[in-house]
Amino acid sequence: MGQFPMRSWSVRCPAAQDTEALGRALGRLLFPGAAVALVGELGAGKTTFARGVLEGLGVHGYLHSPSFSLVHEYPGPVYHLDFYRLEQPQTETALDWEEYLGGEGVALVEWADRCAELLPPRRLEVRLEVLPDGVRRIRLTAHGTALAAVVAALAATQGEPAGL
Ligand SMILES: Nc1ncnc2c1ncn2[C@@H]1O[C@H](COP(=O)(O)OP(=O)(O)OP(=O)(O)O)[C@@H](O)[C@H]1O
Ligand SMILES: [Mg+2]
């Protein structure tokens, strides 16, 4: 952490469709190899956001929740991972983390904080916080120049400048 340029921006999403729309806008800006780390409590909206990202990337007809498997692969490729049940990544030898998280595809990782050491250093962190009134505060923090540019562009699509 800290060795790459960072950029952070946060926005409030009152309804699930706002969260999904933000994800969709992000998906339109992502590039091959981008890793998105989704962090937030149970039911915060990680899958809702990821569904939007998939749509924005052109993956339609979203079917799966990754809750009961570690990874779903979509055309692109896009990998939708969920670390909720991940206990011993070292023993998950059947899974090719390098391919999912450092390869050509876009990676969307729910519960990314459960195994942060698997994440590449250049990544976009998306933290979803449930406020007392149920509104979600979503903070995006980019690590790396390319993703910092994505956050700036995303903020611009929402009519707001992103601070550093
Ligand atoms: N502003 C909002 N953003 C996202 N979801 C919202 C919002 N308001 C209400 N919701 C509801 O909260 C729930 C979020 O569920 P979702 O599966 O996306 O969360 P999750 O973080 O992936 O949960 P899990 O930890 O179980 O994977 C949905 O039922 C959704 O409709
Ligand atoms: Mg989920």
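As a reminder, the structure under discussion sits directly above these lines.
Since we're looking at a predicted model, the values are computed, not measured.

I tried to follow the pairing of strand β3 (residues 71–74) on my own but got confused; where do I start?
Walk down a regular strand and you will see the side chains alternate between the two sheet faces. Pairing geometry for β3 and strand β4 (residues 78–82), over four bridges, is antiparallel. The partner of V71 across the bridge, within β4, is L81. If you look at the hairpin formed by β3 and β4, you'll find three residues sitting between the two strands, and G76 has a positive phi there, around 145°.

What exactly am I supposed to notice about the sheet that holds β4 here?
Strands belonging to one sheet form pairs held by backbone hydrogen bonds; the direction of such a pair is parallel or antiparallel. The seven strands are arranged β1-β7-β6-β2-β5-β4-β3 in an open sheet whose pairing can be described as mixed. This sheet does not close on itself; its edge strands, each paired only once, are β1 (6–13) and β3. Pairwise comparison of adjacent strand axes, ignoring direction, gives a mean angle of 15° for this sheet. Bridge count between β1 and strand β7 (residues 136–143): eight bridges; the pairing is antiparallel. Each residue of the ladder has a partner; that of W9, found in β7, is L140. Sitting on the sheet, helix α2 (residues 46–56) touches β2 (35–39), β3, β4, β5 (106–110), β6 (123–130) and β7, and the angle it makes with β5 is about 170°.

How should I be thinking about the coordination of the magnesium ion (ligand 2) in this particular structure?
Each pair of donors in an ideal four-coordinate tetrahedral metal site encloses 109.5 degrees, whereas pairs in an ideal six-coordinate octahedral site enclose 90 or 180 degrees. At the metal site, the magnesium ion (ligand 2) is ligated by T47 (OG1) and E110 (OE), and these contacts range over 2.1 to 2.2 Å. With T47 in helix α2 and E110 in strand β5, this residue pair connects regions lying 63 residues apart in the sequence.

In this structure, what is going on with the site of ligand 1? I would like to understand it.
Of all residues adjacent to ligand 1, which total 16 residues, the nearest are C13, T19, K46, T47 and T48. One of the side-chain nitrogen or oxygen atoms of T19 is found 2.5 Å away from a nitrogen atom of ligand 1. Isolated, ligand 1 exposes 640 Å² of accessible area, and the fraction of that covered by the protein chains is 70%. Going through the elements one at a time, α1 (16–27) and α2 are the ones with two or more residues in the shell around ligand 1. By residue number, the principal contributor to the shell around ligand 1 is α2, which donates three residues. Its residues assigned to classes, the shell around ligand 1 shows seven nonpolar, five polar and four charged.

Calculation rules
Residues numbered from 1 in each chain as written. Chains lettered and ligands numbered in written order. Predicted model: local features only at pLDDT ≥ 70, side-chain atom pairs only at ≥ 80, totals over all residues. Heavy atoms only, no water. Pairing = 2+ DSSP bridges. Helix = DSSP H or I, 4+ residues; strand = E, 2+ residues; numbered from the N terminus. Axes fitted to C-alpha atoms, helices over the stretch in contact; angles between N-to-C directions. Contact = heavy atoms within 4.5 Å. Donors = N, O, S within 2.8 Å, 3.2 Å for Na, K, Ca; no water. Near = heavy atom within 4 Å. Polar contact = N/O pair within 3.5 Å; in protein donor to acceptor, adjacent residues only side chain to side chain. Areas by Shrake-Rupley, 256 points an atom, 1.4 Å probe, with all protein chains shown as cover. Nonpolar A, V, L, I, M, F, W, Y, C, P; charged D, E, K, R; others polar.

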